[in-house]
Amino acid sequence: MSSPDTLSAGMRSLRYVDALREAVAQEMRRDPDVFCFGLDVDDHRAIQGSTQGLLDEFGPDRCFTTPLSEDAMTGVAIGAAMAGMRPIHVHIRMDFLMLCMNQLVNMAAKAHYMYGGSVKVPMVVRSMIGKSWGQGAQHSQGLHAMFMHVPGLKVVAPSNAYDAKGCMIAAIRDDNPVIFMEHRLLYPIEAPVPEEPFMVPFGRARHMRRGDDITIVGISNMAVECLRAASLLEEVGLSVDLIDPVSLVPLDMETIVASVARTRRLLVVDNAWVSAGAGAEIAAQVAEQLGGGGPLAIRRMGFAPTTCPTTPALEAHFYPNPLTIAKAAHALAGGAGGWEPDPERARLAYQQAFKGPF
Amino acid sequence: MDSPALKSPETLVRLYRSLYLVRRVEERVAEIYPTDRIKSPVHLSIGQEAIAVGICDLLRADDIVSGTYRGHATYLAKGGDPKAMLAEMFGKVGGCARGKGGSMHLVGLEQGILGCSAVVGTNVPVAAGYALALKRRGRGQVAAVFYGDGASEEGCVYETLNFAALHKLPILFICENNFFAIHEPLHRRWAADQLTERVATFGMPARRITSGDIFEIRDAASGLIDAMRDGGGPAFLECHTYRWREHVGPAEDYAAGYRARTDMEEWERRDQVARLAAMLPEAERRQIEAEIEAEVEAAVAYAEASPFPAAEELHAHVFA
Ligand SMILES: Cc1ncc(C[n+]2csc(CCOP(=O)(O)OP(=O)(O)O)c2C)c(N)n1
Ligand SMILES: [Mg+2]
């Protein structure tokens, strides 16, 4: 198995969206029990292209839309999974998973345990997080922390095309329900991705950048925003150890703790609210493991503690961005107050398209 | 079928005003959209106006409506302020939700417009809860809840129909059946095209109107609403209609191939805006149109002039 750290030059580049599509198509070819269903997976838009071609290649028995009945359809996925199939249930927004919560939490997560190991629920729940252009209150939420809370659910949030493909294949082959979280703004971003099928194992974090001054953990597309922030921090000579957890359940605390043991500074940037979130879990575990060993500076960033507003005037203050992340990291590292990254650099950082490998 | 009273000159003028206002506001929105001043996903109801307008014409000022992300017609037909609507879509503080909700979350409690919701089906039980309160207050008020054929598939909608019938709630359910949920046609979602018959089995009057005729819609709703005010309980109307533009956005989308433009043209021939325009004396029609054009332009100007909310607004309204 390859890893993105050891990729050879000249490997073809793939967009995140195409990596998802390729992973599912390859698995559907390999295993006739894999099928893909959910609202609008078979229309011409094909979930922003991520299910493009599946209907043509595999037919309407293995790629089909459903009525608007997410609660029941989640139960259907669970039942089919118990019967030995491997459903991929697709939702164009993570917000709609709230309709699936009962089945996911009370059935999917628990069946294997409460039936004494006699049944398995190998299913993937794909959902995309939206941002901007008025997505607002009901089309923008990152709700992974809710799922992280419940034993029995795996939760993954790949931030680049390589991990998107590798995690998708791993999720499909996993014998447990996997909540697969995507971010709309990641879809067009390219990275080198092997053509052959491969798995990115869950529970292994990815170092996106190595450094000594501060550990930054970026979740989902915040990993990309943190990469931009790290390039701004070069200006003041701060080197960032940037970690993308890739999977949130299981969570690779070993890598994060080892990094913070060196830097003694941790900033977690989540694509979600801070309160009782993934960042709280990571920070708590770091404090539990390293708290006694000298000074430790910890900070969490995420959505403002409000509903997401639609107007760009307020939305601009709702999300962490490369500037606010860089400034928070600078302050955490003891930098003098009032530092503003060079505006031209900041402008470039925003536009920076990352091609990896990370 | 049309009783003469339903086509009295006053009724005709009222209906035309409302239809023309909805049509023109949405056409203006579609014109403005490519300039990126409306940074909000717009779900236009162009072609579907007659349902909201026909029903809302029967409602009292203190009655309630509840709509969806495709809620511009519902909002305007119930007396929503075009200025507040446009400003909301421009993300301005003068908007009906202070710029926090956008096109999909129009609201106007003063005019009896419950907030529109963008998670399909969510508005239906909420409207029933409002109807429960209206019933307890005993002032003869009713609620009218609008939703799509896609929404009719959600479990909570069926659960609400059952509850509303059981408790004889004063609520009119209106399913705007435009035959599509985004790009998915009915035959990929329903085994039997008998929504109205299904709903009737919950124990409420249920009627299907296939013509798109605003007078037929209004006529059907009229008796049902009157009975409801006297404690008769809920009722259901399935109104066939057609969305002329794309699911979300300002343009047509017939090139995508999931539906035929000729289907739309059949509905265009029954366009209620054009039909009622032709029923009015020329001078009167021109007068109405001129007044509404001015109202629409004033709304656009208001939206342009209204400031964006100040940064502190982000933290306002999290808790009451
Ligand atoms: C619970 C939920 N599932 C899916 C969606 C995505 N979605 C938005 S509109 C729509 C179609 C709704 O169709 P219909 O109820 O017929 O209303 P129309 O848009 O035709 O007016 C879908 C699937 C959503 N917003 N909420
Ligand atoms: Mg519809």
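All figures in this text were calculated on a predicted structure; none of them were measured in a lab.

Caption draft 1: Region of interest: the interface of chain B and chain A. Counting from both sides, the interface comprises 39 residues of chain B and, opposite them, 30 residues of chain A. Seen at the junction of chain B and chain A, the total is one salt bridge. Residues Arg188(B) and Asp42(A) are paired through a salt bridge, measuring 3.3 Å at the closest nitrogen-oxygen approach. Counting across the chain B and chain A interface gives 17 residue pairs in polar contact (both at pLDDT 80 or more). For the side of chain B that touches chain A, a count of residues per class yields 18 nonpolar, 10 polar and 11 charged.

Caption draft 2: Just the domain arrangement of chain A, in detail. Residues and elements named next belong to chain A. Annotation of chain A at the domain level lists domain 1 (12-194) and domain 2 (206-349). Counting from both sides, the interface comprises 30 residues of domain 1 and, opposite them, 28 residues of domain 2. Between domain 1 and domain 2, the buried area comes to about 2200 Å², and carbon and sulfur atoms account for 60% of it. Three residues, Lys131, Met148 and Ser159, lead the burial of domain 1 against domain 2; their summed loss comes to 23% of the area buried on that side. At the boundary of domain 1 with domain 2, the tally comes to two salt bridges. A salt bridge links Lys131 to Glu225; the shortest N-O distance between them is 3.9 Å. Only helix H6 (144-148), strand E6 (154-156), helix H7 (161-173) and strand E7 (178-183) provide two or more residues apiece to the side of domain 1 that touches domain 2. A class-by-class count of the residues in the side of domain 1 that touches domain 2 yields 15 nonpolar, 12 polar and three charged.

Caption draft 3: Structural view of the sheet that holds strand E3 (residues 63-64) of chain A. Residues and elements named next belong to chain A. Judged by pairing direction, the sheet is mixed, and its seven strands sit side by side in the order E3-E2-E4-E5-E7-E6-E12 without closing on themselves. This sheet does not close on itself; its edge strands, each paired only once, are E3 and strand E12 (247-249). Relative to E3, strand E2 (residues 34-37) is paired through two bridges, and the arrangement is parallel. Each residue of the ladder has a partner; that of Phe37, found in E3, is Phe64.

Caption draft 4: Quick look at the side chain of Asn123(B). Residue and element names in this part refer to chain B. Within the element layout of this structure, Asn123 appears in helix H5 (residues 123-137). Polar side-chain contacts of Asn123 include one of 3.2 Å to the backbone oxygen of Phe146. Residues within four places of Asn123 in sequence aside, it is in contact with Ser66, Gly67, Thr68, Ser117, Val145 and Phe146.

Caption draft 5: The site of ligand 1, seen in detail. Around ligand 1 there are 20 residues in total, and Glu70(A), Tyr69(B), Arg70(B), Ala118(B) and Gly150(B) lie nearest to it. Ligand 1 is flanked by residues contributed from chains A and B. In this structure, Val120(B) approaches ligand 1 through a main-chain N or O atom, which is 2.9 Å from a nitrogen atom. Contact with the protein chains hides 95% of the accessible area of ligand 1, taken as 580 Å² for the molecule alone.

Caption draft 6: Looking closely at the sheet that holds strand E9 (residues 206-209) of chain A. All names here are of chain A. Spatial strand order, E9-E11-E10-E13-E14: five strands in an open sheet with mixed pairing. Because the sheet does not close on itself, it has two edges, and the strands there are E9 and strand E14 (297-303). Across this sheet, the average inter-strand angle for adjacent strands is 25 degrees, counted without regard to direction. By the bridge criterion, four bridges tie strand E10 (residues 214-218) to strand E11 (residues 240-244) in an arrangement that is parallel.

Caption draft 7: Representation of the coordination of the magnesium ion (ligand 2) in the model. All names here are of chain B. Looking at the metal site, the magnesium ion (ligand 2) is ligated by Asp149 (OD), Asn178 (OD1) and Phe180 (O), spaced 2.1 Å from it. Sequence spacing among the residues donating to the magnesium ion (ligand 2) works out to D-x28-N-x1-F. Like Phe180, Asn178 is buried.

Here is what the cut-offs are and how they apply
Residues numbered from 1 in each chain as written. Chains lettered and ligands numbered in written order. Predicted model: local features only at pLDDT ≥ 70, side-chain atom pairs only at ≥ 80, totals over all residues. Heavy atoms only, no water. Contact = heavy atoms within 4.5 Å. Salt bridge = Lys/Arg side-chain N within 4 Å of Asp/Glu carboxyl O. Polar contact = N/O pair within 3.5 Å; in protein donor to acceptor, adjacent residues only side chain to side chain. Nonpolar A, V, L, I, M, F, W, Y, C, P; charged D, E, K, R; others polar. Domains from an automatic or database assignment. Buried area = accessible area lost by both parts, 1.4 Å probe. Helix = DSSP H or I, 4+ residues; strand = E, 2+ residues; numbered from the N terminus. Pairing = 2+ DSSP bridges. Near = heavy atom within 4 Å. Areas by Shrake-Rupley, 256 points an atom, 1.4 Å probe, with all protein chains shown as cover. Axes fitted to C-alpha atoms, helices over the stretch in contact; angles between N-to-C directions. Donors = N, O, S within 2.8 Å, 3.2 Å for Na, K, Ca; no water. Buried < 20%, exposed > 50% of the residue type's maximum accessible area, 1.4 Å probe, protein only.

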